[in-house]
Amino acid sequence: MNLPVKLPVKRCTLLSSTALAAALLCSCAAFAQAGFDNPLVRQRADPHASLHADGYYYFTATVPEYDRIELRRARSLDGIGKGESRVVWRKHAAGPMSFHIWAPELHHIDGRWYLYFTAGRADAPLDIRLYVLENAAANPLEGQWIERGQLRTGWESFSLDATTFALDGQRYLLWTQRPPTADKHLTAVYIAKMDTPLSIAGPATLLTQPQYPWEKVKFDVNEAPAVLVKNGRVFMTYSASATDASYALGMLTARADANLLDARSWTKSPEPVFASSRRTGQFGPGHNSFTTSPDGRTDILVYHARDVEQVPGDSLQDPNRHTRAQAIGWKADGTPDFGEPVADRPAAR
């Protein structure tokens, strides 16, 4: 089915505030129950979806060949798989940006489009860094994408998964990087203020690194931050552990009026907030983004997961991480309730 969901409407002359609240809750519940035609896009990992002011959902993700950046747009999330699609950039033949093209994110900032992405080198595949493309066209599937170079974080090490958000007039960058003092390979999530869409201002703050056993399955990983601002708080999800069925979402929470550059402003959930489910046949859910229904009333989690638990060989080389979406519930205390990954419900053929 496509969004928005059309719900039955009863004729009435007047609704009390209580009845109106109940109707809105009913509408949200019906939306959540209706769900999406998952998977939305097959073999697309690290999905980033956003609803723009022009009424289109814009979508990008890691392609299994790790060699290009593809953009899609459609009027509904269910339409993304068959919507307009264009390859807007391809990897270089050698040198920087020539290998492991990962985790693109599309953001519209001050009237221009920016693609933040991760790339390595053919001669050093895991020597990965953050890079930025820029486009002044109204439609990012058109116009010219210009390479703006590396997004410098303050030190050189394994870095990936940049995202950005603005709050109270200040724009922030969140990303994943190996700490400069780490004596073994691990990844942590950092935050810094941005002074332009291409650069950060001031030092980075480490927000989270692996500390619980569920964040250290096979690899010590905290990566892929995503931000949802709601109910006077900033919720930052991140992904942890290896990219197999161990992969899961964690979450940090801060007050929206707090100093987000102070690590003490954030509270870390000790358990994953979204994880594999044998009951629904969904494994390794993670690397998410957030968007909303067209009317803005329902928050939506967009993520990748597999429909098999066991992956032979290196899970990073398995192409079958598929993009999925589901509505987010909200607890009485104003925090998100992600539930469990819903079972696939392919569209009728």
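Residues numbered from 1 in each chain as written. Predicted model: local features only at pLDDT ≥ 70, side-chain atom pairs only at ≥ 80, totals over all residues. Heavy atoms only, no water.

> Would you explain the overall build of the protein in this entry?
Secondary structure summary: the protein contains one helix and 21 strands in total. Relative to its 349 residues, the protein shows a buried fraction of 52%. Expressed as a percentage of contacts within the protein between residues at least 6 apart in sequence, the contacts between residues at least 24 apart total 51%. For the protein, the accessible area works out to roughly 15800 Å², and carbon and sulfur atoms hold 52% of it. (Helix = DSSP H or I, 4+ residues; strand = E, 2+ residues; numbered from the N terminus. Buried < 20%, exposed > 50% of the residue type's maximum accessible area, 1.4 Å probe, protein only. Contact = heavy atoms within 4.5 Å. Areas by Shrake-Rupley, 256 points an atom, 1.4 Å probe, with all protein chains shown as cover.)

> Any chance you could explain the sheet that holds strand β10 (residues 170–177) here in plain terms?
Strand pairing in a sheet relies on backbone hydrogen bonds. The paired strands run either parallel or antiparallel. With respect to topology, four strands assemble into an open sheet ordered β9-β10-β11-β12, the strand pairing being antiparallel. Looking at which strands have only one partner, the edges of the open sheet turn out to be β9 (159–167) and β12 (199–208). On average, each strand axis in the sheet is tilted by 25° relative to the strand beside it, whichever way the strands run. As judged from the six bridges shared by β10 and strand β11 (residues 188–196), these two strands associate in the antiparallel manner. (Pairing = 2+ DSSP bridges. Axes fitted to C-alpha atoms, helices over the stretch in contact; angles between N-to-C directions.)

> Even after reading the chapter, I still don't get the nonpolar core, so can you show me in this structure?
Note that soluble globular proteins tend to have their nonpolar side chains buried in a common cluster. By size, the foremost hydrophobic cluster in this structure holds 18 residues, and its most contacted members are Leu 174, Met 236, Leu 260 and Trp 266. Mapped by element, the contributors of at least two residues to this core are β9, β10, β11, β14 (233–240) and β15 (248–255). The element best represented in this core is β14, accounting for four residues. Excluding anything up to four places from it in sequence, Leu 174 contacts Asp 161, Ala 162, Thr 163, Phe 165, Val 189, Tyr 190, Ile 191, Leu 207, Pro 225, Val 227 and Met 236. Membership of the second largest hydrophobic core comes to 17 residues, among which are Ile 69, Leu 71, Leu 141 and Trp 145. (Core = buried A, V, L, I, M, F, W, Y, C linked by side-chain atoms within 4.5 Å.)

> I keep staring at unusual backbone geometry and nothing clicks. Help me out?
Most of the time, phi is negative for any residue but glycine, and the peptide bond is trans. In this chain, Asn 38 is followed by Pro 39 through a cis amide linkage whose omega measures -5°. Within the secondary structure, Pro 39 sits in the loop between α1 (17–34) and β1 (45–51). Positioned with a positive phi, Asp 161 is a non-glycine residue whose angle comes to about 60°. Position of Asp 161 among the secondary structure elements: in strand β9. For Asp 161, a relative accessible area of 5% gives the class buried. Notably, Asn 231 is not glycine yet its phi reads approximately 55°, a positive angle. Take Asn 231: its relative accessible area is 44%, and that puts it in the partly exposed class.

> How should I be thinking about the pattern of salt bridges in this particular structure?
One side chain can pair with another of opposite charge once the charged atoms of both are near each other. Tallied over the full model, the rule gives 22 salt bridges. The partner of Arg 68 in a salt bridge is Glu 65, with the nearest N and O atoms 3.0 Å apart. Owing to a relative accessible area of 15%, Arg 68 belongs among the buried residues under this scheme. For Glu 65, a relative accessible area of 47% corresponds to the partly exposed category. The partner of Asp 299 in a salt bridge is Lys 230, and the shortest N-O contact between them spans 2.8 Å. Separated by 69 residues along the polypeptide, Asp 299 in strand β18 (residues 299–306) and Lys 230 in strand β13 (residues 222–230) bring together distant segments of the chain. On the basis of relative accessible area, Lys 230 is assigned to the partly exposed category, the value being 25%. When salt bridges that share partners are traced, they join Asp 127, Arg 129, Arg 152 and Glu 156 into one network. (Salt bridge = Lys/Arg side-chain N within 4 Å of Asp/Glu carboxyl O.)

> Would you mind showing me how to read the sheet that holds strand β3 (residues 68–74) here?
Taken in spatial order, the four strands line up as β1-β2-β3-β4 in an open sheet, and their pairing is antiparallel. Every other strand in the sheet has two partners, leaving β1 and β4 (84–90) as the edge strands with one partner each. Adjacent strand axes in the sheet meet at a mean angle of 20° when their direction is disregarded. Pairing geometry for strand β2 (residues 57–62) and β3, over four bridges, is antiparallel. By the bridge assignment, Tyr 58 is partnered in β3 with Arg 73.

> I would appreciate a short explanation of the side chain of Arg 129 in the present structure.
With respect to the helices and strands, the residue Arg 129 is situated in strand β7 (residues 124–135). A polar contact of 2.7 Å, which involves the side chain of Arg 129, links it to the side chain of Glu 156. Within the structure, the side chain of Arg 129 is placed 3.1 Å from the backbone oxygen of Ser 157, a separation counted as a polar contact. Once you skip the residues sitting within four places of it in the chain, Arg 129 turns out to touch Phe 117, Thr 118, Ala 119, Gln 150, Glu 156, Ser 157, Phe 158 and Ser 159. (Polar contact = N/O pair within 3.5 Å; in protein donor to acceptor, adjacent residues only side chain to side chain.)

> I'm lost on the packing of aromatic side chains in this one. Help?
Ring pairs (aromatic) are described by centroid distance and by the angle formed between their planes. Within the structure shown, the criterion is met by 15 aromatic pairs. Here the aromatic rings of Trp 89 and Phe 117 are separated by 5.0 Å at their centres, their planes lie at 50°, and the arrangement is tilted. One end of the pair, Trp 89, is in strand β4; the other, Phe 117, is in strand β6 (residues 112–121), and 28 residues separate them in sequence. For the pair formed by Trp 89 and Phe 117, the shared burial category is buried. Judged by centre distance (5.9 Å) and plane angle (20°), the rings of Trp 175 and Tyr 190 are stacked. Within this pair, whereas Trp 175 is found in strand β10, its partner Tyr 190 is found in strand β11, the two being separated by 15 residues in sequence. Look at Trp 175 and you get buried, because its relative accessible area is 0%. Taking the relative accessible area as the measure of exposure, Tyr 190 reaches 5% and is therefore buried. Ring pairs connect the aromatic residues Phe 274, Phe 290, Tyr 303 and Phe 338, which therefore count as one cluster. The ring of Tyr 56 carries the charged tip of Arg 73 above its face, separated from the ring centre by 3.7 Å. (Phe/Tyr/Trp six-rings, centres within 6.5 Å; stacked < 30°, edge-to-face > 60°. Lys NZ or Arg CZ within 6 Å of the ring centre and 35° of its normal.)

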